[in-house]
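# A look at the structure
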Amino acid sequence: MTSQQTLTKEGEQPGTPGKPQSSDGLQAGLKNRHLSMIAIGGVIGAGLFFGSSFGIAAAGPALLLSYALVGALVVFVMRMLGEMAAANPTSGSFSAYADRALGRWAGFSIGWLYWFFWVVVLAVEATAGAKILESWIPDVPQWGWALIVMVVLTVTNLASVASYGEFEFWFAGIKVVAISAFVLIGVLAVFGVLPGSDNPGAGFAHLTDAGGFMPNGAGAILTGVLMVVFSFMGSEIVTLAAGESEDPQRAVTKATNSVIWRIGVFYLGSIFVVLTLLPWNDKSIIDKGSYVAALDSIGIAHAGQIMNVIVLTAVLSCLNSGLYTASRMAFSLGQRGDAPKAFGRTNSRGVPQAAILGSVVFGFLAVFFNYKWPDTVFAFLLNSSGAVALFVWLVICVTQLRMRGIILREMPEKLVVRMWLFPYLTWLTIAMILFVLGYMVYDGGDARDQVLLSLLVAALVIGIAVLRQVLGKGGADASDDGVQSGVKDSVTRS
């Protein structure tokens, strides 16, 4: 370990003695097994369980193509992000890279929009988890369960990054085992070789026996895209967490290279099983949920409760990661002078305490809004953060176009992960994202509201960023101090 690894920035507290520390003062407490499971579990969100039923109803078996299109989009975006993160692992990830490649306004804007997205997710997931827990133990009101869940995970994140990693390791592990078992058992039932199964084993017949593979037309594929795109948000968390790992470059490289099979198995695999076990228009898919309906068709007893346990695990995992992600983005913004300075400091355990508490306070506030004004205030928060995932992916693409030249100029030996067919595939990905955003506006309804409200909030944040830059707030050299020093430190660590 070099001397630079143990140095913290001015105003920060040194980490736990004997424990490695990243160059920005965060504790390097995540083990390789933590990062591996965070990377695998990052693509399995609660949205996979909640949103697939409505996607199947809208697109039928053609939803597989919707998942394949969005999956390809995520693979390309993760490859670009992996290229930058392997060269310079940092808690600010794409926000810090945008700061360097596009300007202070870009890093400020996308950082705060991403933080906003995740603190709203905290409220959504806390409410979803509370509903499940209240159904099991009704003596505790729903708001009480939401409070308990938020407090427990806040304490976990405040304890140490290793505590977050350990919780996420087990949460993600349960999700991975559950979905893998679901896919394996489902495939056996599809071909009629599962002992004791109630399913007739129709093979692939259900993919075409209820109006064909595209019963609602080719346009339904794009409708399906709108329904599934946000369930993939979270894949990028591993690049934020890599800065607190023992071997950031190896972790990012491994996560980036494995994203294809993860999406193929967990998303395409599980939806394929549902669509081959049941006709797409079976009423039970909407009434019970796609996964519960599939398990019922096999004859597995207590399928609903089994799925509730798995969904609760996914919810807790998303809450845990959401709080971690929001706090690390706030920490990075604080270090770059784009948030209160207290957010950019760590305590004696290498934990950004102020950033965590600041994020969770807004999360608690959003939970309150959800209970008090679900159809007005909280609906606005939800819709105005709805398209942020696509904005983040778009910024990653544009940033990578610029960062490739910076990396080649300053540290070509760090370009260990490369985007395929650069720059053509990067431009194609940008075109795909812009097309999805345009189609959301054209499609109307909730999708249009999400894009327009998200654009309104984005314009407000960008306006604040530009005004700050004009007034000279945040320090003209903050970008150099935060990002360029991170580049140098990542070279030193190697």
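Look a little higher up for the structure.
Residues numbered from 1 in each chain as written. Predicted model: local features only at pLDDT ≥ 70, side-chain atom pairs only at ≥ 80, totals over all residues. Heavy atoms only, no water.

This next bit is on the environment of alanine 242. Examined against the element boundaries, alanine 242 turns out to sit in the loop between α9 (237–241) and α10 (248–277). Separated by 149 residues in the primary sequence, alanine 242 and serine 93 have C-alpha atoms spaced 9.2 Å apart. If near-sequence neighbours (up to four positions away) are discounted, alanine 242 is found in contact with Leu35, Pro248 and Val252. (Helix = DSSP H or I, 4+ residues; strand = E, 2+ residues; numbered from the N terminus. Contact = heavy atoms within 4.5 Å.)

Secondary-structure assignment places valine 273 in helix α10. For the pair valine 273 and leucine 188, spaced 85 residues apart in the sequence, the C-alpha separation amounts to 9.7 Å. If we ignore the near neighbours within four places in the chain, the residues touching valine 273 are Phe182, Val183, Gly186 and Val187.

This paragraph deals with unusual backbone geometry. Backbone torsion omega between phenylalanine 422 and proline 423 reads 0°, so that peptide bond is classified as cis. For proline 423, the location among the structural elements is in the loop between α16 (388–410) and α17 (424–443). Residue serine 93 is not a glycine yet carries a positive backbone phi of 45°. Looking at the element boundaries, serine 93 is found in helix α4 (residues 93–101). In this structure, histidine 302 is a non-glycine residue whose phi angle is positive, near 55°. Structurally, histidine 302 is set in the loop between α12 (290–298) and α13 (303–335).

For the rest of this paragraph, the subject is the packing of helix α5 (residues 104–136) against α13. Relative to each other, α5 and α13 sit at 155°, their axes nearing to 8 Å. Taken as axis vectors, α5 and α13 run roughly antiparallel relative to one another. Remark: the crossing between α5 and α13 carries left-handed chirality. (Axes fitted to C-alpha atoms, helices over the stretch in contact; angles between N-to-C directions. Parallel < 35°, antiparallel > 145°, perpendicular 65-115°, else oblique. Left-handed = near helix turned anticlockwise from the far one by under 90°.)

Since the α-helix turns once every 3.6 residues, residues separated by three or four places project in the same direction. Where burial is concerned, most of α12 is hidden: eight out of the nine residues are buried. Restricting attention to buried positions, one finds in α12 the residues Ser290, Tyr291, Val292, Ala293, Ala294, Leu295, Ser297 and Ile298. Looking at the residues trailing α12, positive phi occurs at glycine 299, about 100°. (Buried < 20%, exposed > 50% of the residue type's maximum accessible area, 1.4 Å probe, protein only.)

Nonpolar side chains in soluble globular proteins tend to end up buried together. Among the nonpolar cores identified, the biggest contains 166 residues, and Phe49, Phe94, Tyr114, Trp118, Val392, Trp393 and Ile433 are the most heavily contacted of them. Top contributing element to this core by residue count: α5, with 20 residues. Excluding its chain neighbours within four sequence positions, the residues that come into contact with tryptophan 118 are Met233, Gly234, Glu236, Ile237, Cys318, Gly322, Thr325 and Ala326. (Core = buried A, V, L, I, M, F, W, Y, C linked by side-chain atoms within 4.5 Å.)

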